[in-house]
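What the coordinates show
So the chains spell out like this:
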Amino acid sequence: MSERQSKSVQDRHERMLNEIVKQPGNEHCADCGSKNPRWASYSLGVFLCIRCAGIHRKMGTHISKVKSITMDQWTSEQIEVSSAK
């Protein structure tokens with residue numbers, strides 16, 4: 001991302017992600033099934049626990065691109081991919 005997002009855009013994106021993760025099927029880690037995942041692979045469109053997010057990061061960005069729901073900046077396009085799958 002070339003420019004930093006405004007705080008209001010970041011807050012809106014975080015609210016959107018928090019709503020998406022509450023939807024049926026998203027409330028558990030896609031890999032291990034643990035509750036309340038706080039990470040996501042936006043390239044795969046799945047939510048992950050911190051342990052599995054670390055594993056995805058080690059696989060490389062050519063396989064899985066991972067971000068924190070709350071600590072990283074998201075683009076609208078990345079959120080759309082995460083909510084579409």
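Residues numbered from 1 in each chain as written. Predicted model: local features only at pLDDT ≥ 70, side-chain atom pairs only at ≥ 80, totals over all residues. Heavy atoms only, no water.

Under an unreviewed UniProt entry, the name given to the protein chain is Arf-GAP domain-containing protein, and the organism recorded is Mucor lusitanicus CBS 277.49.

1. Considering the environment of Ser-64
By the element assignment, Ser-64 lies in the loop between helix 2 (50–59) and strand 3 (66–68). Setting aside anything within four residues of it in sequence, one finds Ser-64 in contact with Ser-41, Ser-43, Leu-44, His-56 and Met-59. Only 2.7 Å separates the side chain of Ser-64 from the side chain of Ser-41, close enough to count as a polar contact. Side chain to side chain, Ser-64 and His-56 meet in a polar contact 2.7 Å long. (Helix = DSSP H or I, 4+ residues; strand = E, 2+ residues; numbered from the N terminus. Contact = heavy atoms within 4.5 Å. Polar contact = N/O pair within 3.5 Å; in protein donor to acceptor, adjacent residues only side chain to side chain.)

2. A closer look at the packing of aromatic side chains
Pairs of aromatic rings are described using the distance from one ring centre to the other and the angle between the two planes. This structure, assessed with the given rule, holds one aromatic pair. Ring centres of Tyr-42 and Trp-74 lie 5.9 Å apart, and the angle between their planes is 70°; on these two criteria the pair is classed as edge-to-face. One end of the pair, Tyr-42, is in the loop between strand 1 (39–41) and strand 2 (46–48); the other, Trp-74, is in the loop between strand 3 and helix 3 (76–84), and 32 residues separate them in sequence. For the pair Tyr-42 and Trp-74, one class covers both residues: buried. The aromatic ring of Trp-74 is capped on one face by Lys-67, whose charged end is 5.8 Å from the ring centroid. (Phe/Tyr/Trp six-rings, centres within 6.5 Å; stacked < 30°, edge-to-face > 60°. Buried < 20%, exposed > 50% of the residue type's maximum accessible area, 1.4 Å probe, protein only. Lys NZ or Arg CZ within 6 Å of the ring centre and 35° of its normal.)

3. Things to note about unusual backbone geometry
Although it is not a glycine, Asn-36 adopts a positive phi angle of roughly 55°. If you trace the backbone, Asn-36 turns up in the loop between helix 1 (7–21) and strand 1. Judged by relative accessible area, which is 59%, Asn-36 ranks as exposed.

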